[in-house]
Amino acid sequence: MTKPSAFSVKINGGPEQEIVCRTGLYHRAAAAAVAMLDYPEKTGQWDVVEIWVPQLQPDYPPSFYAMESDIYGNMIVKHLPGSGRSIVT
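Bear in mind that the values here come from a model prediction, so they are computed numbers and not experimental data. (Residues numbered from 1 in each chain as written. Predicted model: local features only at pLDDT ≥ 70, side-chain atom pairs only at ≥ 80, totals over all residues. Heavy atoms only, no water.)

(A) Just the packing of aromatic side chains, in detail. Within the structure shown, the criterion is met by two aromatic pairs. A ring pair is formed by Phe7 and Tyr26, whose centres lie 5.3 Å apart and whose planes are at 85 degrees; its orientation type is edge-to-face. Of this pair, Phe7 sits in strand β1 (residues 5-11) while Tyr26 is found in helix α1 (residues 26-36), placing the two residues 19 residues apart along the sequence. Classification of Phe7 as buried rests on a relative accessible area of 1%. (Phe/Tyr/Trp six-rings, centres within 6.5 Å; stacked < 30°, edge-to-face > 60°. Helix = DSSP H or I, 4+ residues; strand = E, 2+ residues; numbered from the N terminus. Buried < 20%, exposed > 50% of the residue type's maximum accessible area, 1.4 Å probe, protein only.)

(B) Representation of the nonpolar core within the structure. Of all hydrophobic cores here, the largest spans 18 residues; its most connected members are Phe7, Val9, Ile19, Val49, Ile51 and Met67. Among the elements of the structure, β1, β2 (17-21), α1, β3 (47-52) and β4 (63-69) are those that each provide at least two residues to this core. Counting residues per element, this core draws most heavily on α1, at seven residues. Residues contacting Ile51, with those up to four places away along its chain left out, are Phe7, Ser8, Val9, Tyr26, Ala29, Ala30, Pro62, Ser63 and Tyr65. The next biggest cluster of nonpolar side chains, apart from the first, holds five residues, and it includes Trp46, Val48, Phe64 and Leu80. (Core = buried A, V, L, I, M, F, W, Y, C linked by side-chain atoms within 4.5 Å. Contact = heavy atoms within 4.5 Å.)

(C) The side chain of Ser63, seen in detail. When you line up the elements, Ser63 lands in strand β4. What Ser63 contacts, discounting residues up to four positions off in sequence, is Tyr26, Val49, Glu50, Ile51 and His79.

(D) A look at the sheet that holds β3. Pairing is antiparallel in the open sheet, where five strands are placed in the order β2-β1-β3-β4-β5. Only two strands of the sheet have a single partner each, and these edge strands are β2 and β5 (75-80). The average angle at which neighbouring strand axes cross in this sheet is 35 degrees, direction not considered. Here β1 runs beside β2; their pairing, made up of five bridges, is antiparallel. Of the residues in β2, the one forming a bridge with Phe7 is Ile19. (Pairing = 2+ DSSP bridges. Axes fitted to C-alpha atoms, helices over the stretch in contact; angles between N-to-C directions.)

What follows is the structure, given as structure tokens:
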């Protein structure tokens, strides 16, 4: 079994929250955060998740992911390279 990891997240520029997941993979934890936490409504097509592990900073900066569902209900998770990126539609 995978050891739990504590992540800090901000979704759509909302407040910082913590989520504990049984994965060390940021994209999976970001998807879990959107499914489990409260957050402000998205302003465009995508929900944008900023995610990081506080104990790893400043050596490992936050990652950003954009998420939406396709017409069939499948979740789409896109990594946004670079710090401070967001999607505007």
